[in-house]
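# Secondary and tertiary structure notes
Chain by chain, the residues:
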Amino acid sequence: MNVRIQNYLEGIFAQYEPIGPISELKEELSANLQERFDDLKATGLDDETAFARTIASIGEISDLIEGISTNTRKLQKIVGMNFSMSNLQKSDLRSIEVHDGKFNYCNLQDSDFSHSDLSHSSFKSSNLDRVKFDNANLTGAKIIRSNLRGASFANCRLDHVDFHSSDLSGVCMDNLTFNGTDFSSAGLKGTSFRNAVFHNVSFKTDVKKAIFDGAVMDKATYAILKGYKADVSKVTVV
């Protein structure tokens with residue numbers, strides 16, 4: 001890729017978030033402009049002239065980008081959308097806003113919800129294997145009887161999330177804060193909660209093989225974990 005063409009595109013697209021359609025337009029323009037530049041060079045033009053003609057050939061694209069950005073954001077701000085019983089495997093769902101959405105009985109394996117607002121949404125009996133929830137807001141979500149093996153929750157907000165009967169075996173939930181989160185009957189074999197913070201969290205399940213080293217928790221959460229034989233020898237009670 002010609003560096004000047006790349007820098008030109010970076011300058012145009014810098015003010016827009018890299019949401020799906022805009023990223024796709026950028027990639028398409030990049031390929032087309034490089035092809036145009038190479039064709040002009042093949043005719044014997046010098047780099048400067050070829051670059052100038054290449055850029056001039058695409059005209060004004062700011063209006064096109066702005067239109068895509070506006071329309072995409074309108075589609076992203078959805079309330080109560082029902083995606084239940086859909087096959088959404090490997091879907092790019094980054095930065096969407098779906099409040100009270102329904103993703104019940106869905107196959108979402110390998111999908112990406114990074115930076116999305118999914119507050120109060122429902123994921124019942126869904127396949128969430130290797131789904132990315134990094135930096136997402138899942139406040140009040142119901143993730144019940146779902147497969148979450150391999151899911152990622154880095155910097156995720158999980159206040160009052162209901163994980164009832166879901167399989168979180170082996171999932172890393174280190175450094176997260178849990179307020180009113182419910183792990184009742186959840187599979188937590190090998191689940192790591194290192195350095196996490198807990199407030200009024202329910203663990204009515206087998207936690208003997210979950211990891212809580214370095215965690216900070218209130219007395220009620222500590223009492224529940226101790227009662228279910230969790231290793232709480234390296235936690236701090238506040």
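For the structure, see preceding data.
Below is a short write-up of the structure. What you are looking at is a predicted structure, and each value in this text was computed from that prediction instead of being measured.

## Looking at the environment of Asp167
With respect to the helices and strands, Asp167 occurs in the loop between β4 (142-144) and β5 (177-179). The partly exposed category is assigned to Asp167, whose relative accessible area is 22%. Distance in space between the C-alpha atoms of Asp167 and Thr191 is 9.8 Å, their sequence separation being 24 residues. Setting aside residues up to four positions removed in sequence, Asp167 forms contacts with Ser146, Asn147, Leu148, Arg149 and Gly187. A polar side-chain atom of Asp167 sits 2.7 Å from a polar atom in the side chain of Arg149.

## Considerations on the packing of helix α1 (residues 3-13) against helix α3 (residues 47-56)
Running from N to C, α1 and α3 cross one another at 30°; their axes reach a closest spacing of 11 Å. In terms of axis orientation, α1 runs roughly parallel to α3. When the axes of α1 and α3 are compared, the crossing they make is right-handed. In this structure, α1 uses Arg4, Ile5 and Tyr8 to contact α3, whose residues at the interface are Glu48, Phe51, Thr54 and Ile55.

## Considering the packing of aromatic side chains
Between two aromatic rings, the relevant description is the distance of the centres plus the angle of the planes. For the structure on display, the rule yields 20 aromatic pairs. Centre to centre, the rings of Phe103 and Phe123 are 4.8 Å apart; their planes meet at 5°, and the pair counts as stacked. On the criterion of sequence distance, the pair formed by Phe103 in the loop between β2 (97-99) and β3 (122-124) and Phe123 in strand β3 is long-range, its members being 20 residues apart. Of the two residues examined, Phe103 and Phe123, each falls in the buried class. Each ring, one from Phe163 and one from Phe183, has its centre 5.2 Å from the other, and the planes form 10°; the classification is stacked. Of this pair, Phe163 sits in the loop between β4 and β5 while Phe183 is found in the loop between β5 and β6 (197-199), placing the two residues 20 residues apart along the sequence. The class of Phe183 is buried, set by a relative accessible area of 0%. Above the face of the Phe51 ring, Arg4 is positioned so that its terminal group lies 4.0 Å from the ring centre.

## Comments concerning the sheet that holds β6
Strands sit in the order β5-β6-β7-β8 across an open sheet of four strands; the sheet is parallel. In this open sheet, the two strands that pair with only one neighbour each are β5 and β8 (236-237).

## What to know about the pattern of salt bridges
Considering all chains together, one arrives at seven salt bridges under this definition. The residue Asp92 makes a salt bridge to Arg94 at a minimum N-O spacing of 2.7 Å. Owing to a relative accessible area of 40%, Arg94 belongs among the partly exposed residues under this scheme. The partner of Arg149 in a salt bridge is Asp167, and the shortest N-O contact between them spans 2.7 Å.

About the thresholds
- Residues numbered from 1 in each chain as written.
- Predicted model: local features only at pLDDT ≥ 70, side-chain atom pairs only at ≥ 80, totals over all residues.
- Heavy atoms only, no water.
- Helix = DSSP H or I, 4+ residues; strand = E, 2+ residues; numbered from the N terminus.
- Buried < 20%, exposed > 50% of the residue type's maximum accessible area, 1.4 Å probe, protein only.
- Contact = heavy atoms within 4.5 Å.
- Polar contact = N/O pair within 3.5 Å; in protein donor to acceptor, adjacent residues only side chain to side chain.
- Axes fitted to C-alpha atoms, helices over the stretch in contact; angles between N-to-C directions.
- Parallel < 35°, antiparallel > 145°, perpendicular 65-115°, else oblique.
- Left-handed = near helix turned anticlockwise from the far one by under 90°.
- Phe/Tyr/Trp six-rings, centres within 6.5 Å; stacked < 30°, edge-to-face > 60°.
- Lys NZ or Arg CZ within 6 Å of the ring centre and 35° of its normal.
- Pairing = 2+ DSSP bridges.
- Salt bridge = Lys/Arg side-chain N within 4 Å of Asp/Glu carboxyl O.

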